[in-house]
Amino acid sequence: MKKKVVLSLLASAAMVVSLAACSSGSSSGSSTDGAAAGASGLIGVAMPTKSSERWIADGNSIKQQLESAGYTVDLEYAEDDIPTQVSQLENMITKGAKALIVASIDGTTLTNTLQNAKDNNIPVIAYDRLIRDSENVDYYATFDNEKVGTEQGTSLLTGLGILDASGKDTGVAGPFNIELFAGSPDDNNATFFFKGAMAVLQPYIDKGTLVVKSGQTDFNTVATLRWDPATAQSRMENILTSTYSDGTTKVNGILSPYDGISRGLISAVTSAGYTVGASFPIITGQDAELDSVKAINGGEQYSTIYKDTRELAKVAVAMASAVLEGKTPETNDDKTYDNGKKVVPAELLQPVVVTKGDIKKVLIDGGYYTDAQING
Ligand code: GAL
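Residues numbered from 1 in each chain as written. Predicted model: local features only at pLDDT ≥ 70, side-chain atom pairs only at ≥ 80, totals over all residues. Heavy atoms only, no water.

Asks: Please clarify how the overall build of the protein should be interpreted in this entry.
Replies: Along the backbone of the protein there are 13 helices and 12 strands. Within the protein, the fraction of its 376 residues that count as buried is 48%. Of the contacts made within the protein by residues no fewer than 6 positions apart, 71% connect residues no fewer than 24 positions apart. In the form shown here, the protein has an accessible surface area of approximately 16,400 Å², with 54% of it arising from carbon and sulfur atoms. (Helix = DSSP H or I, 4+ residues; strand = E, 2+ residues; numbered from the N terminus. Buried < 20%, exposed > 50% of the residue type's maximum accessible area, 1.4 Å probe, protein only. Contact = heavy atoms within 4.5 Å. Areas by Shrake-Rupley, 256 points an atom, 1.4 Å probe, with all protein chains shown as cover.)

See below:
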């Protein structure tokens, strides 16, 4: 009897050991998959539109990085339609998303949706564009947007020869005729870009080196709803007709806030008879979109502002993961981005100006594009 008890005790002890081995095996298995506690569940990613190549790159990078951390991802594009973006976000909430990463179309239209997210305990990361008028925006991953603007203004001055490569005033008197374009008035970034650019350009306008020949300088007049290239193109065509059609007056420079708009401007000036190599205007841009990098190579566009979407995705993914693990994400700006309800803690990355001479070093050597994509 005694012997039997000992044997059965031994047998159950062996079972406990083998069960423990089994469960420790399975838990170590899941942690090597990256799907251990914290890194699992659904994350909703809402992007504005596929009509601009940059958002496709952003969406792909975020998805890929979240998936390799162990999350599942619902990535949606709203084709710049506000109600579509709202319903995509509502769907993500219904499906039980644990966090939302949102690049808004109109930064002021998500207040009710984000209240719903809050009621369901879902943290929200604003991606590239600040979401306004809501307390329920937890963190903001973006670039230094005012700096983007100052870099755009500065590169317009450099392209015109008013500043030299080191940023020094060359003393050239001009006058140079310029025109101004800004981004979408419902995108918080657009005002930052324009403000940054005008801080650099205004002193030269004041002393007559630069002349905005059309007289159109006010943000609301120069803004381009939804960043639409066709809207910018037609405004430029109207300006060329109204202001530059006497046969001698030329537009020497155009402040453009975004590569898509720059492509619209290039079409407008090309149709009006401007040719590369013969007083083609200096045109700025932003996003280092492939077609625009090619245009820079070909001399139609002077510069762009490169914002590495892979790095921005990394910041947003790190923010979402930290919040879900109960940690505080890293931020480096806790004062600039007041959304009307709160100052949203932000992590700002640094933008990089790219002109023709920088394409190889910055974009090709940096692995953003291959040589064949640009030159092939
Ligand atoms: C802005 C963004 C720019 C550009 C623009 C148009 O919000 O910061 O980089 O992409 O939208 O898509």
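Having seen it, we continue.
Asks: Explain the site of the ligand to me, please; I cannot follow it from the model alone.
Replies: If you check the shell around the ligand, you find Arg54, Trp55, Asp128, Arg129, Asp187, Asn189, Phe193, Trp227, Tyr258, Gln286, Asp287 and Lys307 and nothing else. Note that an oxygen atom of the ligand is positioned 2.7 Å from one of the side-chain N or O atoms of Arg54. At 2.6 Å, a side-chain N or O of Asp287 approaches an oxygen atom of the ligand. Notes on the ligand: free accessible area 300 Å², of which the protein chains cover 98%. With respect to the detected pockets, the ligand is housed in the largest pocket. When grouped by side-chain class, the residues that make up the shell around the ligand number four nonpolar, two polar and six charged. No fewer than three residues from each of domain 1 (29-137 + 309-344) and domain 2 (145-307 + 355-375) sit in the shell around the ligand. (Near = heavy atom within 4 Å. Polar contact = N/O pair within 3.5 Å; in protein donor to acceptor, adjacent residues only side chain to side chain. 1 Å grid on protein atoms, 1.4 Å probe; cavity = no way out; pocket = protein on both sides within 12 Å on 5 of 7 lines; lining within 4 Å. Sits in = over half its atoms within 2 Å of the grid points. Nonpolar A, V, L, I, M, F, W, Y, C, P; charged D, E, K, R; others polar. Domains from an automatic or database assignment.)

Asks: Explain unusual backbone geometry to me, please; I cannot follow it from the model alone.
Replies: Glycine aside, negative phi is the norm for most residues, and most peptide bonds take the trans geometry. For the bond from Gly174 to Pro175, the omega torsion is -5°, close enough to zero to count as cis. Positionally, Pro175 belongs in the loop between α5 (145-160) and β6 (176-180). Although it is not a glycine, Asp80 sits at a positive phi angle of roughly 60°. As for its position among the elements, Asp80 is in the loop between β2 (72-77) and α3 (82-94). The exposure class of Asp80 is partly exposed, given its relative accessible area of 22%. One non-glycine residue, Asp128, lies in the positive phi region at around 65°. By the element assignment, Asp128 lies in the loop between β4 (124-127) and β5 (139-143).

Asks: When you look at the pattern of salt bridges in this model, what are you seeing that I'm missing?
Replies: If the charged atoms of two oppositely charged side chains come close together, the side chains can form a pair. Taken as a whole and assessed by the stated rule, the structure comprises 15 salt bridges. The partner of Asp187 in a salt bridge is Arg129, with the nearest N and O atoms 2.8 Å apart. You can see Asp187 sitting in the loop between β6 and α6 (188-206) and its partner Arg129 sitting in the loop between β4 and β5, a full 58 residues away along the chain. Judged on exposure class, the residue Asp187 and its partner Arg129 are both buried. The structure contains a network of salt bridges with shared partners spanning Arg54, Asp58, Asp128, Asp287 and Lys307. (Salt bridge = Lys/Arg side-chain N within 4 Å of Asp/Glu carboxyl O.)

Asks: What am I meant to see in the pairing of strand β3 (residues 99-102) here?
Replies: The side chains of a regular strand alternate, first on one face of the sheet and then on the other. Side chains of β3 alternate between two faces, with Ala99 and Ile101 and Leu100 and Val102 buried alike. Pairing analysis gives four bridges linking strand β1 (residues 42-47) to β3, with the strands arranged parallel. Residue Val45 lies in a different strand from β3, and its bridge partner there is Ile101. Judged from the three bridges that link them, β3 and β4 form a sheet pairing that is parallel. Residue pairing in the sheet places Val102 in a bridge with Ala126 of β4. Remark: the β3/helix α4 (residues 111-119)/β4 crossover connection has right-handed handedness. (Pairing = 2+ DSSP bridges. Right-handed = clockwise from strand over helix to strand, strands pointing away.)

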